Number of protein chains: 2
Amino acid sequence: MVATLHDVALLAGVSIKTVSNVVNDYPHVRPSTRTKVEQAIAELGYTPNPTARSLRSGRTNVIGLAVPDLALAYFAELTAAVIAAAEASGLSVVVEQTGTGDRAREISVLTNARRKMTDGLIFSPLEMGPEDVDHLDVGYPLVLLGERIFDGPTDHVTMRNVEAARAATEYLIHSGRTRIAVVGAHEDEVIGSSALRMQGYREALAANGIPFDPALIGPSIEWHRANGAHSMADVIARGVPFDAVFALNDTLAFGAMRALQEAGLRIPDDVAVMGFDGLDEAQYSIPSLTTVDPGRDWIARTAVDTLRERVRIDNTQPPTLKLAEFTILERESAPPA
Amino acid sequence: MVATLHDVALLAGVSIKTVSNVVNDYPHVRPSTRTKVEQAIAELGYTPNPTARSLRSGRTNVIGLAVPDLALAYFAELTAAVIAAAEASGLSVVVEQTGTGDRAREISVLTNARRKMTDGLIFSPLEMGPEDVDHLDVGYPLVLLGERIFDGPTDHVTMRNVEAARAATEYLIHSGRTRIAVVGAHEDEVIGSSALRMQGYREALAANGIPFDPALIGPSIEWHRANGAHSMADVIARGVPFDAVFALNDTLAFGAMRALQEAGLRIPDDVAVMGFDGLDEAQYSIPSLTTVDPGRDWIARTAVDTLRERVRIDNTQPPTLKLAEFTILERESAPPA
DNA sequence: ATGAAAGCGCTAACAG
DNA sequence: CTGTTAGCGCTTTCAT
C-alpha cells in the first residue's frame, strides 16, 4: 500500500540502487536520471522507511535525553532546547525521566532497553557522583551534562558554575552591595551545583575584601519556590542586615522575592536579588529577575553536536569537556551599577 | 559482537523460532526447552534488536507527543505525565514542539517524517481550530488533546473546562465571596480554554444570582506570569471592589498574586485567589495556591491507553471523547468555606 | 511443540 | 554513473 524504493525504481525505469542514490543525495547521479527518479518519487509520494534504513545502517537517528523531571523548570527548558537542536540536525529525541533522589534509577537508564534504539544518550544526573564514574563506561556515545561527575570517560558539556556565580556576586558588589545573602545552600556538600556556586560566591567576596558571614547563608536542600521563601525567611529572622541576595537558582529566587516582600523589604531598593538559570519565567516575574544565563541553549546545541560527532566518526577520541559562556541578564531585581 | 537470536539458538541447540517464542512469551513452549533457552539468553546477554523487530512487525513501540512548548509549565508537566504513562506500558516517547502561535507548524507535525517511525501521535494543538478538522484525518492512530477542536475524526481526551471553572467559581462563592474578578480572559474568543472557563464562570454567577460585571474581567491574550500581574493591575486600577480572583491558569494566578500584594491587598483576607491547572509549583507559592487540577495525570494515562488500543486493535472504531474528572486543591490562597 | 524458509525495506560492496 | 547481490535481525507463515 505504501510505496517502497522498489516501486519507485520500477516506475522510473531504473534500479533500486539509483533511487537510493537520489534519496541520499549521492553526488554522482546524472541530472536527467535524478529528475526522472524525483518525478517517480513525487508521483508515488514515496518517503523512506526509517526502520528499514536503521536496521541496515545500524543508525536510528534517534537520540535519548535523560533528565530528572520535566516538572523542574530548568530541565523542561533544557529539554526544549535539546529537542530544538536535535530537530535542526534531523534527529528525534526520546525523553526519559529518572526522577529526583533515585540514584539507582539514574544508573539504570544507562543500560535499559531504550539504549538499543537510540544512537546515543545525553544524560543529566542529579544523584550519581564521582564514585559512579565507572557506570559511565558504556559502549555507546554518551554526553554527560551537569556537575555531578567530572573527569569521567565520556564527553561532558556543562556551565562555568564557579565563574558565573563569582561574576553574579561581583555584579552585586559593583552595584554597591556588600552584605549579600545566599539562598539554597547545601551545607557540607562538596560536589554539585550548590557547592560550585557557593565557591564562586566566596571567591567574589574574597577578591573584594568582603568577609564571609555564615549568618547570611540560608540553607535548603530542595530548590522549589517555597524553599527559597523559607531559606530567605531564615536569614531575615536572624536579624542580620543585608542588601542583596544571591539565590542559587531562579526558582529559589522567586520564593525569596516573595519572602522579602512579605517582610516589607523593597526590591531592589532595600535588597537586590540575583538568580541563576536564566529561566524564561524570570523575565515575567515582578520585578523581573536579574539572573545568570549559564548558556543553556549553547549547552543543548553543543551536547547534540558532540553526540553527533561521536555517532558519525568512530567513538575513540579522548573525552572532551566543553564549558558554556554565561551571561548576566540585567533586569529590575538587581539593576547594574 | 552483540548476540542475536541466531547465536542464542545455536548455543541452546534449538531453532531461532523457538528462541523467538521464548522471548515473546509464546505459551506453547515445553518448560525444559524454555529453561534451556533462558540460560543461553542469560549467558550471552542477549536483548532483542528493536529495529529488526520493528521492521518485521510494522510496529515501533514508540509514540509521538506534540505539544506547543516545554517552557510552558502546563505542557512540561503534561509531557512528564505522558512519558511516565508510556513507560509503564513499555512505550518510548518522541517529544516534538510545535511552537506557540504557529498554526502551519502544528499542521505539519501531523505529516512530517517522524510519523513513519512512531506507532501513533498524541497531539495538543493551541492554534488549529474547527476549520482544520480535516487535517486530523490522518492514516495512523491519533489522539487529540485540548479544546481547540471537538467532533473531529479522532479520539479526543480532555478536561471538563466548563464544569471545572464553574465549580471553582462556586467554591469561591460558597466561601462567601461575591465580587469575583477574572484574570486572563480572551475577549470575543469562542473556542479554546479561555472561552470555556469563562463560560463556567458565568454559569456559576448566574446559578447563584450574582450579576456579571464586565469591570471585573481582566483580559490578556498571553498567559505568562507578567500578564497575570498586568491583567490584575488593570482590574485594580478600575477601582471596582472585589473580594476574589479566578485566574484562568496557575501562571496567571502567580502574577495576579504579585499584583495584589503590590497593591497592599492581603491574600486571602482581602482577596481570595483561585488558579487552574494544578501545577506542581502551585503548592510551593506563598501563599500556596488553591487551584483546579483538571485531571492532568488521568488525561496523560488515558491518552496513552487510547492510543495503545488503536495501535493494537484495528483502527476502525468510531472516535471517542473522554473527559477527565477534576479536583479542587484547597490551599491557602482560597480556603474552603 | 518446534523447525525451515521467506522477506520486511533498505544500504553497502562490488561489478560493470 | 548505474546495476546486482547480499543481508541487517527479526517475526511470520507453513510444515511437521
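Owing to the predicted nature of the structure, the values given are computational and were not obtained by experimental measurement.

> Account for the overall build of chain A, with residues named and values stated.
Regarding its fold elements, chain A presents 11 helices and 12 strands. The globule rule puts the C-alpha radius of gyration for 337 residues at 20 Å, and the 25 Å found for chain A is more than 25% above it. C-alpha atoms of chain A, sized along the principal axes, occupy 85 × 40 × 35 Å. Burial analysis of chain A (337 residues in total) assigns 55% to the buried set. When contacts within chain A are restricted to residue pairs at least 6 apart in sequence, long-range pairs at least 24 apart make up 68% of them. By element, 52% of the accessible surface of chain A is carried by carbon and sulfur atoms, the whole surface being about 14400 Å². Treating the 30 positive side-chain charges of chain A as one cloud and the 44 negative ones as another, the clouds have centres 7 Å apart.

> Any details on the UniProt feature "domain: HTH lacI-type" (unreviewed entry) in chain A? Residues and values, ideally.
Taking the UniProt record as the reference, the feature "domain: HTH lacI-type" (unreviewed entry) is found at residues 3-57 of chain A. Taken end to end, residues 3-57 of chain A comprises 69% helix and 0% strand; its first and last C-alpha atoms sit 20 Å apart.

> How would you sum up empty space enclosed by the protein? Please name residues and give values.
Under the counting rule described, the total for this entry stands at four cavities of 30 Å³ or more. Considering only enclosed or pocket space, the largest cavity measures out at about 220 Å³ in volume. Forming the walls of the largest cavity are 18 residues, and the residues nearest its centre are Arg225, Phe254 and Arg258 of chain A together with Arg225 and Arg258 of chain B. Sorting the residues of the lining of the largest cavity by element identifies helix 10 (250-262) of chain A together with helix 10 (250-262) of chain B as the ones contributing at least two each. Approximately 170 Å³ is the volume attributed to the second largest cavity. The wall of the second largest cavity is formed by Pro50, Thr51, Ser54, Thr60, Val62 and Met117 of chain A together with Pro50, Thr51, Ser54, Thr60, Val62 and Met117 of chain B.

> Just give me the short version of the side chain of aspartate 155 of chain A, but keep the residues and values in it.
All names here are of chain A. By the element assignment, aspartate 155 lies in strand 5 (residues 155-159). At 2.8 Å, the side chain of aspartate 155 forms a polar contact with the side chain of threonine 320. Excluding residues that lie within four positions of it along the chain, aspartate 155 makes contacts with Leu142, Val143, Leu144, Thr306, Arg310, Pro318, Pro319 and Thr320.

> Summarise the protein's contact with DNA strand D; cite the residues concerned and give the values.
Close to DNA strand D lie 23 residues; Thr18, Thr33 and Arg56 of chain A together with Leu5 and Tyr46 of chain B are nearest. Each atom of DNA strand D within 4 Å of the protein belongs either to a base or to sugar and phosphate, the latter forming 59%. Between a phosphate oxygen of DNA strand D and a side-chain N or O atom of threonine 18 of chain A, the distance comes to 2.4 Å. Within the side chain of arginine 56 of chain A, a nitrogen or oxygen atom sits 3.1 Å from a base nitrogen of DNA strand D. Its residues assigned to classes, the surface near DNA strand D shows nine nonpolar, eight polar and six charged.

> Account for the pairing of strand 1 (residues 62-67) of chain A, naming residues and giving values.
Residues and elements named next belong to chain A. Across the six residues of strand 1, six count as buried, placing the element largely inside the fold. Burial of strand 1 is two-sided: the residues Val62, Gly64 and Ala66 facing one way and the residues Ile63, Leu65 and Val67 facing the other way are all buried. Strand direction decides the pairing type here: strand 1 and strand 2 (residues 92-97), joined by six bridges, are parallel. Each bridged residue has a counterpart across the sheet, and for glycine 64 the counterpart in strand 2 is valine 94. Judged from the four bridges that link them, strand 1 and strand 3 (residues 120-123) form a sheet pairing that is parallel.

> Would you mind going over the interface of chain A and chain B in detail, with residue names and values included?
Interfaces are often sized by the accessible area lost when the parts come together. Contacts between the two partners involve 46 residues from chain A and, on the opposite side, 46 residues from chain B. Both sides together, the interface formed by chain A and chain B hides about 4100 Å², and carbon and sulfur atoms give 55% of it. Three residues, Lys116, Arg225 and Ile286 of chain A, lead the burial of chain A against chain B; their summed loss comes to 17% of the area buried on that side. Where chain A touches chain B, the interface holds six salt bridges. Glutamate 281 of chain B is paired through a salt bridge with arginine 225 of chain A; the nearest N and O atoms lie 3.1 Å apart. In this assembly, chain A and chain B are joined by 21 residue pairs in polar contact (both at pLDDT 80 or more). For the side of chain A that touches chain B, the secondary-structure elements that each account for two or more residues are helix 4 (50-57), helix 5 (73-88), strand 2, helix 9 (225-237) and helix 10 of chain A.

> I'd love a proper account of the relation of the copies chain A and chain B, names of residues and values included.
Screw-axis analysis of chain A against chain B gives a translation of 0.0 Å along the axis, an RMSD of 0.1 Å, and a rotation angle of 180 degrees. Overall, the copies show the geometry of a two-fold rotation axis. If distances are taken from each C-alpha of chain A to the rotation axis, the shortest is found for valine 94 of chain A, at 2.2 Å. By residue overlap, the copies meet face to face through one surface: 100% of the interface positions of chain A are interface positions in chain B.

> Can you tell me about the packing of aromatic side chains, naming the residues and giving the values?
Aromatic ring pairs: the centre-centre distance and the angle between the two ring planes describe each pair. All names here are of chain A. For the structure on display, the rule yields six aromatic pairs over all chains. Seen in terms of ring centroids, tyrosine 201 and phenylalanine 212 are 6.3 Å apart; in terms of plane orientation they differ by 75 degrees. Their pairing is edge-to-face. Here tyrosine 201 is found in helix 8 (residues 193-207), whereas its partner phenylalanine 212 is found in the loop between helix 8 and strand 7 (217-219), with 11 residues between them in sequence. Look at tyrosine 201 and you get buried, because its relative accessible area is 1%.

> So, the protein's contact with DNA strand C: which residues are in play, and what are the values?
Every one of the 23 residues lining DNA strand C counts as a neighbour, but Leu5, Tyr46 and Arg53 of chain A together with Thr18 and Thr33 of chain B are closest to it. The sugar-phosphate backbone supplies 63% of the atoms of DNA strand C found within 4 Å of the protein. A distance of 2.5 Å is found between a phosphate oxygen of DNA strand C and a side-chain nitrogen or oxygen belonging to threonine 18 of chain B. At the level of elements, helix 2 (16-23) and helix 4 of chain A together with helix 2 (16-23) and helix 4 (50-57) of chain B are the ones that each hand at least two residues to the surface near DNA strand C. In terms of residue class, the surface near DNA strand C is built from nine nonpolar, eight polar and six charged.

> So what's going on with the pattern of salt bridges? Residues and values would help.
A complete count under the given rule lists 36 salt bridges over all chains for this structure. A network of salt bridges, in which partner residues are shared, links Glu87 of chain A together with Glu96, Arg105, Arg114 and Arg115 of chain B.

> Run through helix 2 of chain B, naming residues and quoting values.
All names here are of chain B. Val19, Asn21 and Val22 are the residues of helix 2 that are buried. Axial view of helix 2: buried residues confined to an arc of 155 degrees, hence all on one face. Turning to helix 2, the residues buried within the fold contact helix 1 (5-12) and helix 3 (31-44). Note on helix 2: the residue one or two positions beyond its end, aspartate 25, has a positive phi of about 55 degrees.

> Pulling in residues and values, what's your account of the packing of helix 9 of chain A against helix 10 of chain A?
All names here are of chain A. In the contact formed by helix 9 and helix 10, the axes pass within 6 Å of each other and the chain directions differ by 50 degrees. Comparing the axis directions of helix 9 and helix 10 gives the class oblique. Considering only the axes of helix 9 and helix 10, their crossing is right-handed. For the pair helix 9 and helix 10, contact is made by Arg225, Asn227, Gly228, Ala229, Met232, Ala233 and Ile236 and by Thr251, Leu252, Phe254, Gly255, Ala256, Ala259 and Leu260, respectively. Grouping the constituent residues of the contact of helix 9 with helix 10 by class yields nine nonpolar, four polar and one charged.

Rules behind the numbers
Residues numbered from 1 in each chain as written. Chains lettered and ligands numbered in written order. Predicted model: local features only at pLDDT ≥ 70, side-chain atom pairs only at ≥ 80, totals over all residues. Heavy atoms only, no water. Helix = DSSP H or I, 4+ residues; strand = E, 2+ residues; numbered from the N terminus. Rg over C-alpha atoms; globule rule 2.2 N^0.38 Å. Buried < 20%, exposed > 50% of the residue type's maximum accessible area, 1.4 Å probe, protein only. Contact = heavy atoms within 4.5 Å. Areas by Shrake-Rupley, 256 points an atom, 1.4 Å probe, with all protein chains shown as cover. Lys, Arg positive; Asp, Glu negative; His and termini not counted. Charge placed at Lys NZ, Arg CZ, Asp CG, Glu CD. UniProt positions renumbered as here; feature names shortened; annotations may be inferred. 1 Å grid on protein atoms, 1.4 Å probe; cavity = no way out; pocket = protein on both sides within 12 Å on 5 of 7 lines; lining within 4 Å. Points joined across faces, edges and corners; volume = space filled by probe spheres on them. Polar contact = N/O pair within 3.5 Å; in protein donor to acceptor, adjacent residues only side chain to side chain. Near = heavy atom within 4 Å. Nonpolar A, V, L, I, M, F, W, Y, C, P; charged D, E, K, R; others polar. Pairing = 2+ DSSP bridges. Buried area = accessible area lost by both parts, 1.4 Å probe. Salt bridge = Lys/Arg side-chain N within 4 Å of Asp/Glu carboxyl O. Least-squares fit on C-alpha atoms with pLDDT ≥ 70 in both. Phe/Tyr/Trp six-rings, centres within 6.5 Å; stacked < 30°, edge-to-face > 60°. Arc of directions from axis to C-beta. Axes fitted to C-alpha atoms, helices over the stretch in contact; angles between N-to-C directions. Parallel < 35°, antiparallel > 145°, perpendicular 65-115°, else oblique. Left-handed = near helix turned anticlockwise from the far one by under 90°.

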